[in-house]
Amino acid sequence: MISIIFPDSSVKKFEKGTKVIDVAKSISEGLARKVLSASFNEEIYELESEIHLDGNIKFYTWDDNEGKQAFWHSSAHILAQTIKFFYPKSKLTIGPSIENGFYYDVDFAGESISEKDFQKIEAKFLEFAREDNKFKLKSIPKTDALEFYKNENNEYKIELIEGLEDGTITFCDHSDFTDLCKGGHIPSTGIVKAVKLLNIAGAYWRGDEKNNQLTRIYGITFPKQKLLTEYLELVEKAKERDHRKIGKELELFTFSSKVGNGLPLWLPNGTELRDLLQGFLEDAQRRAGYKKVMSSHIGSKELYETSGHYEKYGADSFQPIFTPNDSETFILRPMNCPHHCEIYNAKPQSYRDLPLRLAEFGTVYRYEQSGELHGLSRVRGFTVDDAHIFCTPEQVDSEFKNTIDLVLYVFKSLGFDNFSAQVSLRDPNNPDKYIGSDKNWEISEQAILNSAKEKELEFNVEYGEAAFYGPKLDFMVKDALGRSWQLGTIQVDYNLPERFDLTYKGSNNEDLRPVMIHRAPFGSMERFVAILLEHTGGVFPLWLATTQVEILIVSENYKNYGKKVLNILENHEIRAHLDDRNETVGKKIRESEIKKIPFMIVVGENEVKNDTISIRRHHGDDLGEMKIEKFIDIIKKEVSDCIPKFNIN
Ligand SMILES: [Zn+2]
Ligand SMILES: [Zn+2]
C-alpha cells in the first residue's frame, strides 16, 4: 500500500499502482468529472498515470492555471493533427501552451496558409476533437524516434530528439496522430468543445534569426462554447481599455523614436498623475517611518560588481559609460539597492538605529529588445517606488506586517479589491542553493507566513520559488476585466548585506549583520500607470483625477462668476479648471466626458442669480443646482471615503 497526502493534509491509503483518476474518484465523482490534470510530489501527472510511491497529490481543474495549461497543451496536439490533415507536407516543430492558449510553429514547406484558412481549420479541429480519442503516452527507443522523423523529412524534430538523452523517447498518440511530447495532457480530445485560431506570425526556429523562418499559429480553446464567447468579448473590452489608447486620449504620455525606443515622455497631465501617486505613497511612507533619500542615475562599474548585478546582467544590458579623461567606468543603474547599501554604510549603525527604512522613487535603466517593448508596461527606463528596510533578524516579522499594511492600503485606495498573494520559500530538498544561515531563513520564512496569516491574506505557498538570497511575498491583483497582474513584492535579502559588508553594533557592542528587505508596492510608476489605466479605463478615483472639476460657462457673460467659483474651489484645494472658450455647453460637456473629468459645473443665468452652481457627474447623474459649500462637502467626503489617511498599527 502507499500513502497519499491531499492538499488539506489528510492522508489515505491506496494500492500501489492506483491511477490518478481513481484517487480523484475516491474523493468524489464530481471531482473526477472536473479534474483535467494533477501533480504528484510537484511533478505533472496525467489522469491515467499510476502512482507507485508515497507522496502529495494536487488535482487541477479548468479553474486552475495548471488545468488550463494541460488543456491548451493538449489542444496544440489537435491543431497539429489538423494542420497535417490539410498540409501533409508541412513539418511540425514545437507547440507549447502559453498564458492564454497555445501556438504551434510549423514549416509549411512551400505551401501557404493565411487567416482566411482559419475557419476550415477550426471546423476540422472540432471534428477531430469530437471523435473523443484518448491522449496516450508511449515510450519508444531513440533510434525508432529518429527513424520516424527521418521518414517524415522533419529535420526540426530530429534536432530536438538528438538533443535528448539516450534511451527511450516519449510520444503522445491520439487517434492515428502522434507527436514527440513529454506529457501533461487532459484525458481525451472530447473535452475540447470550442476553438478559435487567433493569428499568424513569423517565428525563427529556436528564436534565432539565422535559422529558417517558421509560421506560428496562435489559438485558444475552451471546454464550453460560452467561455469562448466570453473570452472574445473580454479581448474586445481589453482593446477599448488598452493603456496606450487611453494614454493618448487623456494626453498622459507619448514616445518619440528620436528620443529612443522604450523611453516614455510624460506629458503635463501624466506628470501630474504621477506626482499625485507619488505624493500619496510618500505621505503613507512618512507615516510608516520611512526616510526619503536620493541617488544618481549612474554608478561606477565597481558598485555593480560588488552587488553582483554586473556579473548577472552586465553583458545583456546597456554597455558601460567611459569618462573622457580619468579612466573611470560607469553603468546606467539597473537597480537602486546598491546605492542604498552605501547610504546605510555612510555612518556606523547601531541596533538602536534599526529599522532604517530608506525610500526613493529611483529611475533605473534596463535594456529590453525592441520587439519586447510595449507601451508603458515594458520600457527601457522606469522609476521604481523603491525602499529598502535594514533591520535586525528579529524585526523582520513586524517589518513584514507593516509593509503588508502599506501594500493593502495602496490596493484599497486605488480600487484593487481582488487580490491574492504567493509566499515563495526555499526548496527543502536543496538547502545548499541558498545564501544566509539556516536559522535566519527559518526566522524570516516563519515571519512571512505569520504575517500573511495575521493579515488574513488569501495566499498559496510555493516551495523552491524563493530567490537564492531570500524568501519573498508577491501580490497578484485582478483587474476589472479579471486579468491578473503581479503588483507589490516584499523580498528578504541576506546577500547584499554580505556583499556590502553592512554591519550594526548589537547591544553587547558586537558587530552584527542586518537583514535587508526590498519592497515596491507599485513595482514601477510606468507599469503601475499602465495597469491602473487598464483597470479603471481611465476613470480614476476622485482623489487621483488630475482635474476633479471642469467649470463650464453657458456664455461669455458668466465668465466672472465662473472665475469666482474656480477661486473658491482652488482655495479648498480642489483641482478645478475653467473652460471659458466661446463654445456651446453641449460641446464642452462632450469634451469633459472624453477626458473623464469626475464633476462638471455648469453656470448660467439662474446660477448667477441664485448664487449657486449646477452639477453633473461623469457618465451619470445630474445632481442639480446647489450652493457651492454643499458641493465642496460632497467632494471632500468622497475623497476621504476612498482614501483614508494611512495609519500604522
Ligand atoms: Zn503533449
Ligand atoms: Zn532593492
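Residues numbered from 1 in each chain as written. Chains lettered and ligands numbered in written order. Predicted model: local features only at pLDDT ≥ 70, side-chain atom pairs only at ≥ 80, totals over all residues. Heavy atoms only, no water.

**Considering the overall build of the protein chain**
- Looking only at helices and strands, the protein chain features 20 helices and 35 strands.
- The C-alpha extent of the protein chain, read off along each of the three principal axes, is 90 × 70 × 65 Å.
- Residue burial in the protein chain is summarised as follows: out of 649 residues, 50% are buried.
- Put simply, of all contacts in the protein chain between residues at least 6 apart along the chain, 69% involve residues at least 24 apart.
- Accessible surface computed for the protein chain: about 32300 Å², of which carbon and sulfur atoms make up 48%.
- The positive charge centre, built from 84 side chains, and the negative charge centre, built from 103, are 3 Å apart in the protein chain. (Helix = DSSP H or I, 4+ residues; strand = E, 2+ residues; numbered from the N terminus. Buried < 20%, exposed > 50% of the residue type's maximum accessible area, 1.4 Å probe, protein only. Contact = heavy atoms within 4.5 Å. Areas by Shrake-Rupley, 256 points an atom, 1.4 Å probe, with all protein chains shown as cover. Lys, Arg positive; Asp, Glu negative; His and termini not counted. Charge placed at Lys NZ, Arg CZ, Asp CG, Glu CD.)

**A few points about unusual backbone geometry**
- Here the residue pair Leu-354 and Pro-355 is connected by a cis peptide bond, since its omega of 0° sits within 30 degrees of zero.
- Along the polypeptide, Pro-355 turns up in the loop between α12 (337-344) and β22 (356-365).
- For Ala-109, which is not glycine, the phi torsion reads 45° and is therefore positive.
- The exposure class assigned to Ala-109 is partly exposed, which follows from its relative accessible area of 38%.
- Even without a glycine there, the phi angle at Ser-175 is positive, about 50°.
- With relative accessibility at 34%, the residue Ser-175 sits in the partly exposed group.

**Section: the environment of Ile-343**
- By the secondary structure assignment, Ile-343 is in helix α12.
- The class for Ile-343 is partly exposed, based on a relative accessible area of 28%.
- Taking the C-alpha atoms as reference points, Ile-343 and Ser-444, separated by 101 residues in sequence, lie 24 Å from one another.
- Apart from residues lying up to four places away in sequence, Ile-343 is in contact with Val-293, Met-294 and Leu-358.

**Things to note about the coordination of the zinc ion (ligand 2)**
- Every protein donor of the zinc ion (ligand 2) is listed here as Cys-337 (SG), His-388 (NE2) and His-518 (ND1), and their distances to the metal cover 2.0 to 2.4 Å.
- Mapped onto the polypeptide sequence, the residues donating to the zinc ion (ligand 2) form the spacing pattern C-x50-H-x129-H. Residue His-388 is located in strand β23 (residues 381-391), and its partner His-518 is located in strand β30 (residues 515-520); the two are separated by 130 residues in the primary sequence. Accessibility assignment for this pair places His-388 and His-518 in one class, buried. (Donors = N, O, S within 2.8 Å, 3.2 Å for Na, K, Ca; no water.)

**Notes on the coordination of the zinc ion (ligand 1)**
- In this structure, His-73 (NE2), His-77 (NE2), Cys-181 (SG) and His-185 (NE2) serve as the protein donors to the zinc ion (ligand 1), at separations of 2.0 to 2.1 Å.
- The site at the zinc ion (ligand 1) holds 4 donor atoms, and with the angles between them running 95 to 124°, its shape is tetrahedral.
- Positions of the donor residues of the zinc ion (ligand 1), expressed as sequence spacing, correspond to H-x3-H-x103-C-x3-H. Highlighted residues: His-73 in helix α3 (residues 65-86) and His-185 in the loop between β13 (177-180) and β14 (194-204), separated in sequence by 112 residues. (Tetrahedral: all angles 85-135°; square planar, octahedral: opposite > 155°, others 65-115°.)

**Regarding the sheet that holds strand β35 (residues 622-626)**
- Sheet architecture is open: 5 strands sit in the order β32-β31-β33-β34-β35, paired in mixed fashion. At either end of the open sheet lies a strand with only one pairing partner, and these are β32 (576-579) and β35. Taken pair by pair, the neighbouring strands of this sheet meet at an average axis angle of 20°, ignoring direction.
- Two strands pair when backbone bridges link them, and strand β34 (residues 613-617) and β35 are joined in this way by 4 bridges, in the antiparallel orientation. By the bridge assignment for β35, Ile-615 is matched with Gly-624.
- Each of β31 (549-553), β32, β33 (599-603) and β34 touches helix α17 (residues 559-571); the most contacted strand, β32, lies at about 175° to it.
- Packing against the sheet, helix α18 (residues 585-594) makes contact with β31, β32, β33 and β34, and its axis sits at approximately 170° to β31. (Pairing = 2+ DSSP bridges. Axes fitted to C-alpha atoms, helices over the stretch in contact; angles between N-to-C directions.)

**Topic: the packing of aromatic side chains**
- A complete count under the given rule lists 30 aromatic pairs for this structure.
- Here the aromatic rings of Phe-40 and Tyr-45 are separated by 5.4 Å at their centres, their planes lie at 55°, and the arrangement is tilted. Each member of the pair, Phe-40 together with Tyr-45, is buried.
- Seen in terms of ring centroids, Trp-62 and Trp-72 are 5.7 Å apart; in terms of plane orientation they differ by 85°. Their pairing is edge-to-face. Of this pair, Trp-62 sits in the loop between β7 (55-60) and α3 while Trp-72 is found in helix α3, placing the two residues 10 residues apart along the sequence.
- The ring of Phe-85 carries Lys-124 above its face, with NZ or CZ at 4.4 Å from the centroid.
- Here Arg-216 stacks its cationic end above the ring of Tyr-103, 3.8 Å away from the centre of that ring. (Phe/Tyr/Trp six-rings, centres within 6.5 Å; stacked < 30°, edge-to-face > 60°. Lys NZ or Arg CZ within 6 Å of the ring centre and 35° of its normal.)

**Remarks on the nonpolar core**
- Formed by 63 residues in total, the largest nonpolar core has its most connected members in Leu-277, Leu-414 and Leu-473.
- If we skip the residues at most four places from it in the chain, Leu-414 touches Leu-277, Phe-280, Phe-522, Phe-528, Leu-532, His-535, Trp-543 and Leu-544.
- Ile-83, Tyr-104, Phe-125 and Ala-194 belong to the second-largest nonpolar core, a separate cluster that totals 37 residues. (Core = buried A, V, L, I, M, F, W, Y, C linked by side-chain atoms within 4.5 Å.)

**With respect to the pairing of β34**
- With 4 bridges connecting them, β33 and β34 associate as antiparallel partners. In the sheet register, Ile-601 faces β34, and the bridge partner there is Ile-615.
- Hairpin remark: β34 followed by β35, antiparallel, with 4 residues in the connecting loop; positive phi at His-619, about 60°.

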